[in-house]
Every structure is written in structure tokens, then in C-alpha cells.
Amino acid sequence: MYTIAALYHFTRFADPDALRAPLLELCRAQSVKGTLLLAHEGINGTIAGPRAGIDAALAHIRALPGCADLEWKEATASQPPFGKMKVRLKKEIVTMGQPDVDPRARTGHYVEPQDWNDLIRSDDVVVIDTRNDYEVSIGTFDGAIDPKTASFRDFPTWWEHNKDRFHNKRVAMFCTGGIRCEKSTNYLLGQGVEDVYHLKGGILRYLEEVPPEDSTWKGECFVFDNRVSVGHGLAEGPHQLCHGCRRPILPQDMERPEYEHGVSCHQCIHETSEADKARFRERQKQIALARARGEEHIGGQ
């Protein structure tokens, strides 16, 4: 079994570039794979590997400036979730495009998974899913509003166009692991919204801790690794990934005429040109050749 650790932490890294190489070297030496993002505002990512390797990687990260109280969520997988290890430098560890947003200053009220159902069932609470549209499409909480955003960067514009709908309401927000809500709740507080809440640990912690019979979650939760989706107890879900558009699809979707492995599915068949599809087919050919030579998977496939 592979141990998976999903983590994020907002802190101030004066020189994130200086942290990159030692972190990458440590992870590779410990057979840890995945993606970690470094920025001046902190660290974010998901890694997987043997238990000892994940422990070593987490110890290294906790020793970084301001990361001693790092929290993370763990799961297991029977197959390696990632093909290679990447440590990338970014302007933001989750891109919102709002330079005044600073989760280190303040965030909304954290709500434990065991208390989430009572909150979102209250008549004066509006529940907003801050994830992207393709994530929401396979699962969300009962009664949650889907902003239908293509990226998190679109959320401030959506809020500006819809905020009058939520006058005199308490706002409860949630996302996969909690990181987007750190920023979205800080953003709403900056916009003058007084009562803002978010699900501590995100959907993943809720699915891990709340029994299915007590759950208000419907469907699966999209995750950014080769598991694609998880359900209650963080059990691997039925979804696979269309490598043409990176959206989740079900096994029966692969039987549809629009589906071509690595090229298109029913969701993206009309979104790419014939030149794009030819390029995707060539990519699949190279992946097959690499596998035949026993090389690492390309592009996470």
C-alpha cells in the first residue's frame, strides 16, 4: 500500500526558491512522488510513497520556516498515485489572483465535520461550494450552491455578481481539503461579510470522519491524483480521468462514441481542434512506447 499525504500551510517563505532543491532531493531519495507547490505564502500539494518516505518528507516540511504546526490528511492507495516527483515555484499556492487576500491575518470560523450538518441545515445559512465546476459535477453537499466557476480565480467575480442574493445570511463554504476556503473566507471578510464559516479539513476530512448514514454528502469527491475520486471512508471511487480534458468520467462513459483514450470524451469532444486531437494521439503513442521500455508514466497516466 502507498501512503498519500495531502497538505497545505500558509506561512511566510522569504526565499521559496532556496527550499525547492533540498525538498525535491529528499523526496526522490525516499521514493516519494507527487507535486508540491512553493510560494512566498507557503506550501501546498499531495505526495505519496512508502510510510517511511512520507514520514521523512513530512518531517522535512515541518522543519521549514513557520511549518512546525503543519497539518495534513492521509489516505492509502493500492497503486502508485503519481508517476514522478515535482516541486514547483508559484506566485500563489492556490491561485485566486487577489493580492490583498491573506489567510494568515484571519479566516472564517472553522467548523468541525461533526458540526457541519447542523450548520448547513440552518435556515439562515447559505452553503457555497468553492471548487471548480468539473469537481462539483461528481459530488457535493445537499443544498450547496455551485458557482459554476472554471477556476478559483473566477470566484471573486462570481461573488460580486451574486452577493445580493445572500444579504443577511451566514455563509458556509467548503472545498476539497480546506485551502481554497482559507482564501475565500478571508476574501468575504474583506468584502464586509460578517458571519463566514468553513469546513475544517474540507470534504476529505468530512468523508473520513462522518459515517455514511449521517452524511449530507452526495456522490464522490474529485481528488488530484490517479485515484480521481474518493467516497466515504476515503475509499477509491469509480471515476477515471479523461486525459484530453482532465475531467472525471465514469467507466460507462468510456463506452460512448465520443471517447478516445487520451484524446477526448463526451465532455470535451467539441472543445478541441483536429490538430489538438492529433497531438494528443501522438502523446498517447509516446506514452505507450515509454511503457514498453519500462520508463515512468508520462503526465500521470
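Our subject in this report is the structure included herewith.

### Some details on the packing of aromatic side chains
At step 1: Summed over all chains, the structure comprises 12 aromatic pairs.
At step 2: Ring plane angle 35 degrees and centroid distance 5.7 Å describe the contact between F155 and W158, whose orientation is recorded as tilted. Remark: W158 and F155 occur in helix α5 (residues 155-162); sequence separation between them is three residues, near one turn of the helix.
At step 3: Since its relative accessible area comes to 11%, W158 is described here as buried.
At step 4: Among the aromatic residues, those joined into a ring-pair cluster are W116, F141, F174, Y206 and W217.
At step 5: Directly above the ring of Y110 sits K200, whose terminal nitrogen or CZ lies 5.9 Å from the centroid.

### Points about the nonpolar core
At step 1: Counting residues in each nonpolar core, the largest one holds 26 residues, and the members touching the most others are W116, F141, F174, Y206, L207 and W217.
At step 2: Within the residue set of this core, elements represented by two or more residues are β4 (71-77), α3 (113-120), β7 (125-129), β9 (170-174), β10 (196-199) and α7 (202-209).
At step 3: In terms of residues, this core owes the most to one element, α7, which gives four residues.
At step 4: Aside from chain neighbours lying at most four places away, what touches W116 is V111, V127, F141, A172, M173, F174, H198, L199 and Y206.
At step 5: In terms of nonpolar packing, the next biggest core, distinct from the first, is built from 25 residues, A39, M173, V193 and V196 among them.

### Some points on helix α2 (residues 51-62)
At step 1: For α2, which comprises 12 residues, the first-to-last C-alpha distance of 16 Å matches the rise-based estimate of 16 Å (1.5 Å per residue) to within 8%.
At step 2: Buried residues along α2 sit in contact with β1 (2-10), α1 (16-29), β2 (33-39), β3 (42-49) and β4.

Quick notes on the rules
- Residues numbered from 1 in each chain as written.
- Predicted model: local features only at pLDDT ≥ 70, side-chain atom pairs only at ≥ 80, totals over all residues.
- Heavy atoms only, no water.
- Phe/Tyr/Trp six-rings, centres within 6.5 Å; stacked < 30°, edge-to-face > 60°.
- Helix = DSSP H or I, 4+ residues; strand = E, 2+ residues; numbered from the N terminus.
- Buried < 20%, exposed > 50% of the residue type's maximum accessible area, 1.4 Å probe, protein only.
- Lys NZ or Arg CZ within 6 Å of the ring centre and 35° of its normal.
- Core = buried A, V, L, I, M, F, W, Y, C linked by side-chain atoms within 4.5 Å.
- Contact = heavy atoms within 4.5 Å.
- Expected span 1.5 Å × (residues − 1).

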